[in-house]
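Here is what each chain is made of, one letter per residue.
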Amino acid sequence: MPYKLLLADDSITVQRVIELTFSREDVEITSVSDGETAIARMAVDPPDIVLSDVGMQHGSGYDVAAFVKGRQDLKHIPVLLLAGAFEPLDTERAERVGYDGVLVKPFEPQQVIARVLESLRLAAER
């Protein structure tokens, strides 16, 4: 059974890159364009891992992480925040809301795969 990855990023390009990156992996990608949609989707169909951009309107990656880590039934789900040169990570805020790591854009596909699979492995061990 494939892992379910929820990607929240307002860039169609990033969505396509992630979908292509995982095309040969046992990972099913669901892409949404904002944090509010990601949160609504998680309440109905929880993923195994979340990648969420810190710079989206209508719910940032920080909002998504806070939602996941604030719910007893979801807090085991790893949340990796996506940050870039024009939207750097606010480390203090990220630590306050809870997160499991960060990926800096642009990223290498193998780096993303390795980080996602490692996060899933660590979550399974908890």
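Residues numbered from 1 in each chain as written. Predicted model: local features only at pLDDT ≥ 70, side-chain atom pairs only at ≥ 80, totals over all residues. Heavy atoms only, no water.

**Student:** Teacher, can you tell me more about the pairing of strand E4 (residues 79–83) here?
**Tutor:** Both faces of the sheet carry side chains from a regular strand, because those side chains alternate between them. Buried residues dominate E4, accounting for five of its five residues. With four bridges connecting them, strand E3 (residues 49–53) and E4 associate as parallel partners. Along E4, the bridge assignment pairs Ser52 with Leu81. Sheet analysis places E4 next to strand E5 (residues 101–104), joined by four bridges and oriented parallel. Looking at the pairing, Ala83 lines up with Val104 of E5. Viewed along the sheet, the connection from E4 through helix H4 (residues 91–97) into E5 turns out right-handed. (Buried < 20%, exposed > 50% of the residue type's maximum accessible area, 1.4 Å probe, protein only. Helix = DSSP H or I, 4+ residues; strand = E, 2+ residues; numbered from the N terminus. Pairing = 2+ DSSP bridges. Right-handed = clockwise from strand over helix to strand, strands pointing away.)

**Student:** So what exactly am I meant to see when it comes to the sheet that holds strand E1 (residues 3–8) here?
**Tutor:** Each strand in a sheet pairs with another by means of backbone hydrogen bonds, the pair being arranged parallel or else antiparallel. Sheet architecture is open: five strands sit in the order E2-E1-E3-E4-E5, paired in parallel fashion. For this open sheet the edge positions go to strand E2 (27–32) and E5, each flanked by a neighbour on one side alone. For this sheet, the mean angle separating the axes of adjacent strands, direction not counted, is 20°. Helix H1 (residues 12–21) contacts E1, E2 and E3 of the sheet and is inclined by roughly 175° relative to E2. On the sheet, helix H2 (residues 35–44) packs against E1, E2 and E3 and is oriented at approximately 155° with respect to E1. (Axes fitted to C-alpha atoms, helices over the stretch in contact; angles between N-to-C directions. Contact = heavy atoms within 4.5 Å.)

**Student:** Mind showing me how you'd approach unusual backbone geometry here?
**Tutor:** Residues apart from glycine generally show negative phi values, whereas peptide bonds are mostly found in trans. The peptide bond linking Lys105 to Pro106 adopts the cis configuration, its omega dihedral lying at -5°. Residue position: Pro106 is located in the loop between E5 and helix H5 (109–125). Residue His58 is not a glycine yet carries a positive backbone phi of 60°. A relative accessible area of 52% means that His58 is categorised as exposed.

**Student:** Can you help me understand helix H3 (residues 61–70) in this one?
**Tutor:** Because each turn of an α-helix spans 3.6 residues, side chains separated by three or four positions in sequence point in the same direction. Considered for burial, the residues of H3 that qualify are Gly61, Tyr62, Val64, Ala65 and Val68. The arc that holds the buried residues of H3, viewed along the axis, is 160°, so those residues lie on one side. Buried residues belonging to H3 abut H2, E3, E4 and H4. (Arc of directions from axis to C-beta.)

**Student:** What am I meant to see in H1 here?
**Tutor:** Within H1, the full set of buried residues consists of Val14, Gln15, Ile18 and Thr21. Around the axis of H1, the buried residues are gathered within 130° of arc, so they sit on the same side. The exposed residues of H1 that point more than 90 degrees off its buried face are Thr13 and Leu20. Looking at the buried positions of H1, the neighbouring elements they touch are E1, E2, E3 and H5. Sitting at the amino-terminal end of H1 is Ser11, which places a side-chain oxygen 3.3 Å from the backbone nitrogen of Thr13. (Polar contact = N/O pair within 3.5 Å; in protein donor to acceptor, adjacent residues only side chain to side chain.)

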